[in-house]
Amino acid sequence: MSDISDSYISPATLEQIRGVVVEWSRTWGEVSPSNIRVVSTNRDDAAELLRPGVRSEPAPCYLVFLEGCFRIAWTLKLPDTTKAWAALHIDPRFMSATSYTVRPLDDVPVRQMSDLGTVYALDCMAA
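Okay, so let's go over this structure. (Residues numbered from 1 in each chain as written. Predicted model: local features only at pLDDT ≥ 70, side-chain atom pairs only at ≥ 80, totals over all residues. Heavy atoms only, no water.)

**Some remarks on the overall build of the protein chain**
For step 1, the next point in the chain: Check the secondary structure of the protein chain and you find two helices and five strands.
For step 2, the next point in the chain: In the protein chain, the order of α-helices and β-strands from amino to carboxyl end is α-β-α-β-β-β-β.
For step 3, the next point in the chain: If you line up the protein chain on its principal axes, its C-alpha atoms span 40 × 35 × 20 Å.
For step 4, the next point in the chain: Put simply, the protein chain has 127 residues, and 46% of those count as buried.
For step 5, the next point in the chain: With an accessible surface of roughly 6700 Å², the protein chain has 55% of that area assigned to carbon and sulfur atoms.
For step 6, the next point in the chain: Put simply, the protein chain has 12 plus and 16 minus side-chain charges, and the middle of one group is 5 Å from the middle of the other. (Helix = DSSP H or I, 4+ residues; strand = E, 2+ residues; numbered from the N terminus. Buried < 20%, exposed > 50% of the residue type's maximum accessible area, 1.4 Å probe, protein only. Areas by Shrake-Rupley, 256 points an atom, 1.4 Å probe, with all protein chains shown as cover. Lys, Arg positive; Asp, Glu negative; His and termini not counted. Charge placed at Lys NZ, Arg CZ, Asp CG, Glu CD.)

Written out as structure tokens, the structure is:
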């Protein structure tokens, strides 16, 4: 597990993360994502949160959860107004989303983001 004391994210970094979230969301058809939360962790702990029993690498990442009407794979079969949640892994070296997961709103992880560290809320309306 990540050490919660190491989970601080500076305001400048949060602004960069917000930019990545806005760009990713717009790419997938959502201009106003909501309920955006981010935590500093590592890919292994993020993978375990999303899919218990799945392992990854210990490389640092920012894990971002957001909600919106994303037009990705299975969501294309749903009405345009169907909301889902997405989880992005953002690589801190390149400040880009390196992978993502999209699931129905009612398919939530058993564990909480706060188990990984301090959770920050982001507002993308001003983007």
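**Here we look at the environment of valine 22**
For step 1, the next point in the chain: By the secondary structure assignment, valine 22 is in helix H1 (residues 11–27).
For step 2, the next point in the chain: Placed 39 residues apart in sequence, valine 22 and cysteine 61 show a C-alpha to C-alpha distance of 18 Å.

**Describing helix H2 (residues 43–50)**
For step 1, the next point in the chain: For H2, the buried fraction is high: seven of the eight residues fall into the buried class.
For step 2, the next point in the chain: Listed in full, the buried residues belonging to H2 are Arg43, Asp44, Asp45, Ala46, Ala47, Leu49 and Leu50.
For step 3, the next point in the chain: On its buried side, H2 packs onto strand S1 (34–42), strand S2 (60–68), strand S3 (84–91) and strand S4 (96–104).
For step 4, the next point in the chain: Between the side-chain oxygen at the start of H2 and the backbone nitrogen of aspartate 44 there is a gap of 3.0 Å, and the oxygen is on asparagine 42. (Contact = heavy atoms within 4.5 Å. Polar contact = N/O pair within 3.5 Å; in protein donor to acceptor, adjacent residues only side chain to side chain.)

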